[in-house]
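# Geometric and topological summary
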Amino acid sequence: MMNTQLLQDRETAGPNTHYNRAAILFHWLVFVLILVAFPLGLYMHGLALSPDKLRLYSYHKWIGVTVFAITLARLAFRAWHPPPSLLPSRSAWERSAALAAHGLLYAFMLIVPISGWLMSSAMGFQTVWFGLIPLPDLIAKSKEAAGMLWLLHQALNFLMVCLILLHAAAALKHHFLQRDETLKRMLSWVQR
Ligand code: HEM
């Protein structure tokens, strides 16, 4: 499971004041991938069975596995390069809320793809990443398990999207109302 050390108190995190380029790249890359995968998942589900539908399922699964792989790389990278401390202008509850939200977002970026992978295995459709790398089925084919995992995958996705919206709203509030550096330091790659 997730190493709590990785989500260490940001008071004791690195002395740096900005996110480094790799951290910024990881953040926005995953954002774009989720931005594509979520609506694609909603859209493809309603389509009648056809070669197009199967192709879209493959794309959705490839993106999900990519989010999972990037998140593992991101957490490993984060362990070596701790993020900057949270801005001192934040109140105690804001700091706790931000840390909890970041921890939960990392957890969702791992468990949402795993729930999809489990569901695909239960449905009897092996995932072949980018059509090149066959991934092992995590569980045996079972109609009952597939139904339950479909509900779980859907619920986890909606919870994750709610949290992302809250997270983005908080970042925009810092930027436009409090006018602090919170959002700028997650965008500062282009400025350097
Ligand atoms: C798929 C969507 C998103 C996910 C999964 C996500 C996830 C995360 C995570 C895990 C962190 C903590 C990084 C760390 O310290 O290790 C973070 C930080 C941050 N995110 Fe996002 N994020 C998403 C979208 C957004 C959006 C849309 C915005 C802006 C509108 C945003 C703004 C920020 C900012 C400003 C920080 C730095 C917070 C700080 O330093 O206090 N994120 N994000």
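Above this text is the structure in question.
Here's a quick rundown of the structure.

Calculation criteria
Residues numbered from 1 in each chain as written. Predicted model: local features only at pLDDT ≥ 70, side-chain atom pairs only at ≥ 80, totals over all residues. Heavy atoms only, no water. Phe/Tyr/Trp six-rings, centres within 6.5 Å; stacked < 30°, edge-to-face > 60°. Helix = DSSP H or I, 4+ residues; strand = E, 2+ residues; numbered from the N terminus. Buried < 20%, exposed > 50% of the residue type's maximum accessible area, 1.4 Å probe, protein only. Donors = N, O, S within 2.8 Å, 3.2 Å for Na, K, Ca; no water. Tetrahedral: all angles 85-135°; square planar, octahedral: opposite > 155°, others 65-115°. Expected span 1.5 Å × (residues − 1). Contact = heavy atoms within 4.5 Å.

### Structural notes on the packing of aromatic side chains
Enumeration according to the criterion identifies seven aromatic pairs in this entry. An angle of 90° between the planes, with centres 5.4 Å apart, marks the rings of Trp 28 and Phe 31 as edge-to-face. Of this pair, Trp 28 and Phe 31 are both found in helix α1 (residues 21–45), three residues apart, which corresponds to roughly one turn of the helix. The class for Trp 28 is partly exposed, based on a relative accessible area of 28%. Each member of the aromatic cluster is reached from another via a ring pair, and the members are Tyr 59, Trp 62, Trp 129 and Phe 130.

### Brief notes about the coordination of the iron atom of the ligand
Protein-derived ligands of the iron atom of the ligand are His 27 (NE2) and His 167 (NE2), with the metal-ligand distances lying across 2.0 Å. Coordination at the iron atom of the ligand is octahedral, judged from the six donor atoms that bind it and the angles of 86 to 179° they form at the metal. Residue His 27 is located in helix α1, and its partner His 167 is located in helix α4 (residues 143–176); the two are separated by 140 residues in the primary sequence. With relative accessibility at 17%, the residue His 27 sits in the buried group.

### Digging into α4
Because an α-helix completes one turn every 3.6 residues, residues spaced three or four positions apart along the sequence face the same direction. For α4, built from 34 residues, the straight-helix expectation of 50 Å at 1.5 Å per residue is met to within 8% by its first-to-last C-alpha distance of 49 Å. Within α4 the residues assigned to the buried category are Ala 145, Ala 146, Leu 149, His 153, Leu 156, Asn 157, Met 160, Leu 163 and His 174. On its buried side, α4 packs onto α1, α2 (51–80) and α3 (92–123).

The analysis is restricted to geometry; functional conclusions fall outside its scope.
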